[in-house]
Amino acid sequence: MSEAFLTQLLQAIPLASLLIGRGERILAANDDAKALLGTAIVGRHYITAIRHPSVLDAVDGCLQDRKTRKARHLTSEAGRDLTYRVTASYIDLGAGEGVLVSFEDTTHVEQAGQIRRDFVANVSHELRTPLTALLGFIETLRGPAKNDPQAQERFLTIMDREAHRMERLVRDLLSLSRVESEERVRPTTRVDVASVVGSVARTLAPLAEEAGVQIDPTGETEGVLIPGDEDQLRQVFTNLIENGVKYGGSGGRVQVDVTVSDNVPSLRGAGVTITVRDSGPGIAEQHIPRLTERFYRVDSHRSREMGGTGLGLAIVKHIITRHRGRMRIESKLGEGTAFIVILPLGQ
């Protein structure tokens, strides 16, 4: 068989694939294989092209006994680790025999597994601290503090706080799970997003007053209709405005602006921009890209003290994605932080 015919045959395979003959040289390779291993691999000995020990062993074993072998091929591209599942299979070429080697990209599977492992580890860590505190105080109340009313009151107050912390975490986990399951289903109900933002600002006014922070709504106040889920949108703006109040600092201000535009470049159409800007200490640039990761905190101790679970912005991101919107975070140390939510107006 000619190299051109073999190449055409391999091109029909939706995986990076190459064919190794009995002479241990690469007879043909498709474009994906050349992109992975090099453009000039055809005609070379397979050892000079592949080089990964486990894959070489799989090819060598298949050449020896004609049995299918599997291996993993690890590489990197643009600073990103890639994982491939490699299958080496014997093939009869009519005029000879060889080994068909295919590379299946399983990077996304590996990443999903790592995300699951990290998620379980984070949840376990978040629950372990309050549970340890509760168990310790229960033991103390049954023992040394059994007949000490003052100590009992102090410990029960702490236990109540830790129990509520676990309750918030479980609630946010359930909320995140629900939002993720609905992420591909776009809401169709018409919602007045400006009215929702105003309602949230009024609801959080007592919290802001207690913290010595002023909420300052500007822009549109009603009549901005978008396709949306009102409860989820309320959750988004409650989280963002509440964060501005909590981290803005006493004596500060949280500005909430609603602006409608006929042409929003990021949406390529009409949209509404809701900006929640605080006058707090700001966030260092290296933290901004990771703020929407689950359990990521700029200041873990302060966040926990204020009742944060580390899931709020992750939930916000998924809700905005469901609404086909965008979110941008702008911040400089000493100059405050702005969370900018852009939502399409729809038809």
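Here's what I pulled together on the structure shown here. Nothing here was measured: the structure is a model prediction, and the numbers come from that model. (Residues numbered from 1 in each chain as written. Predicted model: local features only at pLDDT ≥ 70, side-chain atom pairs only at ≥ 80, totals over all residues. Heavy atoms only, no water.)

Check the secondary structure of the chain and you find 11 helices and 12 strands. Taking 347 residues into account, the globule formula puts the C-alpha radius of gyration at 20 Å, and the chain, at 29 Å, lies well above it. For the chain, the spread of C-alpha atoms along the three principal axes comes to 85 × 65 × 40 Å. Within the chain, buried positions represent 42% of all 347 residues. A total of about 19,300 Å² of accessible surface is found on the chain, and carbon and sulfur atoms cover 51% of it. Counting 43 positive and 45 negative side-chain charges, the chain places the averaged centre of each group 4 Å from the other. (Helix = DSSP H or I, 4+ residues; strand = E, 2+ residues; numbered from the N terminus. Rg over C-alpha atoms; globule rule 2.2 N^0.38 Å. Buried < 20%, exposed > 50% of the residue type's maximum accessible area, 1.4 Å probe, protein only. Areas by Shrake-Rupley, 256 points an atom, 1.4 Å probe, with all protein chains shown as cover. Lys, Arg positive; Asp, Glu negative; His and termini not counted. Charge placed at Lys NZ, Arg CZ, Asp CG, Glu CD.)

Contact pair helix H5 (residues 107-142) / helix H6 (residues 149-181): the axes reach a minimum separation of 9 Å and the direction vectors enclose 160°. Classified by the angle their axes make, H5 and H6 are roughly antiparallel. H5 and H6 meet at a crossing whose hand is left-handed. Looking at side-chain class alone, the contact of H5 with H6 contains 17 nonpolar, 3 polar and 3 charged residues. (Axes fitted to C-alpha atoms, helices over the stretch in contact; angles between N-to-C directions. Parallel < 35°, antiparallel > 145°, perpendicular 65-115°, else oblique. Left-handed = near helix turned anticlockwise from the far one by under 90°. Nonpolar A, V, L, I, M, F, W, Y, C, P; charged D, E, K, R; others polar.)

Relative to the helices and strands, Leu333 is located in the loop between strand S11 (326-331) and strand S12 (337-344). Here the alpha-carbon distance between Leu333 and Tyr247, two residues 86 residues apart in the chain, equals 13 Å. For Leu333, the contacting residues outside a window of four places in its chain are Pro281, Gly282, Ile283 and Ala284. (Contact = heavy atoms within 4.5 Å.)

Let us look at the sheet that holds strand S10 (residues 269-278). Strand order across the open sheet formed by 5 strands is S7-S9-S10-S12-S11, with mixed pairing between neighbours. Two strands bound the open sheet, and with one partner strand each, they are strand S7 (214-219) and S11. Direction aside, neighbouring strands of the sheet carry axes that sit 15° apart on average. Sheet analysis places S7 next to strand S9 (residues 253-264), joined by 6 bridges and oriented parallel. Its bridge partner being in S9, Asp216 is matched across the sheet by Gln255. (Pairing = 2+ DSSP bridges.)

Looking now at the packing of aromatic side chains. Evaluated as defined, the whole model comprises 3 aromatic pairs. Summarising the aromatic geometry, the rings of Phe119 and Phe295 are spaced 6.0 Å apart at their centres and angled 45° between planes, so their arrangement reads as tilted. Residue Phe119 is located in helix H5, and its partner Phe295 is located in the loop between S10 and helix H10 (300-305); the two are separated by 176 residues in the primary sequence. Measuring from ring centre to ring centre gives 5.0 Å for Phe137 and Phe155, while their planes differ by 25°; the resulting arrangement is stacked. A residue pair is termed long-range when its members are at least 10 positions apart, and Phe137 in helix H5 and Phe155 in helix H6 qualify at 18 residues. Residue Phe137 is classed as buried on the basis of its relative accessible area of 19%. A residue is classified by how much of its surface remains accessible, and Phe155, at 14% relative accessible area, is buried. (Phe/Tyr/Trp six-rings, centres within 6.5 Å; stacked < 30°, edge-to-face > 60°.)

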